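Here is what each chain is made of, one letter per residue.
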Amino acid sequence: MAILNILHFPDSRLRTRAQEVDSVDDQVRTLVADMFQTMYQAPGIGLAATQVNVHRRVVVIDVSEHQDAPQVFINPEILSREGVEETDEGCLSVPGIYERVQRAERIRVRALDLEGNSFELDVDGLLAVCIQHEIDHLDGKLFVDYLSPLKRQRIRKKLEKQRRHGEDPAAGEPSHAERVI
Ligand code: GNR
Ligand code: NI
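So, here is what we can say about the structure in this document. Model, not experiment: these values are computed from the prediction.

Scanning the model with the defined rule gives 0 disulfides in all. Not engaged in a disulfide, the cysteine Cys130 finds its nearest cysteine sulfur in Cys91; these two sulfurs lie 9.8 Å apart.

Structure representation (structure tokens):
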């Protein structure tokens, strides 16, 4: 297993639309294992392959309290959406930034599992938010795209400044040891 490098906004590679996976093979399973290791050590509750510069439609998620409930979504598709909910979001590709974003409250999602079998799931709460956030990554979209251009510009400047000064952007509040939830 390997810990992969996570791209940071405004890296243009985060704007790539990921390709469908046409066969769930050992290469995909190795990618999934590496993505889980990367997500758990970050730590985060989800990770899209786009964030580690692999432009395939692969998402890993674990919204459980003890990080013991890994979920894999390959070629995820939202089949239906219901209601609207606003929650604070963060992103491992936009470290240290938390903003309110509106998303569908409940969704039905279809995806392939690690054996290549299709499954459908009705989800709400944090898992629904996370799946929508991750599918956005696969489409080259970031949560900051839902904010005003002024806010997005401020975030861009802040991250560029931190980068120039060689700071760990995830340092400060909340602590790096805490998950971004
Ligand atoms: O760790 C993460 N937390 C989070 C919190 C609220 C909404 C979405 C997320 S996903 C994020 C990890 C990440 O960047 N996934 O792409
Ligand atoms: Ni993200």
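That covers the picture; the talk isn't over yet.
Turning to the sheet that holds strand E4 (residues 99-112), a few remarks are in order. Spatial ordering of the open sheet is given by E1-E2-E3-E4-E5, a layout of 5 strands whose pairing is antiparallel. With one partner strand each, in any of the chains shown, strand E1 (46-48) and strand E5 (118-124) form the two edges of the open sheet. Ignoring strand direction, the axes of neighbouring strands in this sheet form an average angle of 30 degrees. Note that strand E2 (residues 58-61) and strand E3 (residues 71-89) share 4 bridges and pair antiparallel. Counted as the bridge partner of Val59 is Phe73 from E3. Helix H1 (residues 26-41) rests against E1, E2 and E3 of the sheet, and its axis sits at about 40 degrees to E2.

Note the cis peptide between Phe9 and Pro10, where omega equals 5 degrees. Within the chain, Asn53 stands out as a residue other than glycine whose phi angle is a positive 65 degrees. Relative to the elements of secondary structure, Asn53 occurs in the loop between E1 and E2. Backbone geometry places Asn75, a non-glycine residue, at a positive phi of 50 degrees. Take Asn75: it is sitting in strand E3. For Asn75, a relative accessible area of 12% gives the class buried.

Looking now at the coordination of the nickel ion (ligand 2). Geometrically, a metal with four donors at the corners of a regular tetrahedron has ideal angles of 109.5 degrees, and one with six donors at the corners of a regular octahedron has ideal angles of 90 or 180 degrees. Every protein donor of the nickel ion (ligand 2) is listed here as Cys91 (SG), His133 (NE2) and His137 (NE2), and their distances to the metal cover 2.1 to 2.3 Å. Counting along the primary sequence, the residues that act as donors to the nickel ion (ligand 2) give the motif C-x41-H-x3-H. With a gap of 4 residues between them, His133 and His137 both fall in helix H2 (residues 125-138), about one helical turn apart. Across the pair, His137 and His133 agree in class, each one buried.

Right, let's get into the packing of aromatic side chains. Following the criterion strictly, the structure yields 2 aromatic pairs and no others. Relative to Tyr40, the ring of Phe36 lies with its centre 5.9 Å away and its plane at 20 degrees, an arrangement referred to as stacked. Taken together, the residues Phe36 and Tyr40, both in helix H1 and 4 residues apart, mark about one turn of the helix. The class of Phe36 is buried, set by a relative accessible area of 12%.

So, about the pairing of E4. One ladder, built from 12 bridges, connects E3 with E4; its direction is antiparallel. Among the inter-strand pairings, Glu89 is bridged to a residue of E4, identified as Glu99. Pairing of E4 with E5 involves 7 bridges; the strand directions are antiparallel. Residue pairing in the sheet places Arg110 in a bridge with Glu120 of E5. Connecting E4 to the antiparallel partner E5 that follows it, the hairpin turn spans 5 residues, and Gly116 within it adopts a positive phi of roughly 85 degrees.

Here is what the cut-offs are and how they apply
- Position numbers for residues count from 1 along each chain, tracking the sequence in the order it is written.
- A letter from A marks each chain and a number from 1 marks each ligand, given out in the order of writing.
- Two thresholds apply to this predicted model, a pLDDT of at least 70 for residue-level local features and 80 or more for giving and counting side-chain atom pairs, whereas whole-chain, interface and lining totals are computed over all residues.
- The basis for the side-chain values is all heavy atoms of the structure; hydrogens and waters are excluded.
- Two cysteine sulfur atoms form a disulfide, by the criterion used here, when they sit within 2.5 Å.
- In this scheme, strands are said to pair when DSSP sees at least two bridges between them.
- Helix and strand definitions follow DSSP, with helices as H or I runs of at least four residues and strands as E runs of at least two, each counted in order from the N terminus.
- Every angle, taken between N-to-C directions, lies between 0 and 180 degrees, and every axis is a line fitted to C-alpha atoms, over only the stretch in contact when it is a helix.
- Contact criterion: two residues are considered in contact whenever any of their non-hydrogen atoms come within 4.5 Å of each other.
- Any residue under 20% of the maximum accessible area for its type is buried, any over 50% is exposed, and the rest in between are partly exposed; the area is computed with a 1.4 Å probe on protein chains only.
- Metal donors were taken as nitrogen, oxygen and sulfur atoms no farther than 2.8 Å from the ion, or 3.2 Å where the ion is Na, K or Ca. Water is excluded, so coordination may look unfinished.
- Stacked, edge-to-face and tilted are the three classes for Phe, Tyr and Trp ring pairs, Trp counted by its six-membered ring, which pair at centre distances within 6.5 Å; planes under 30 degrees apart are stacked, over 60 edge-to-face, the rest tilted.

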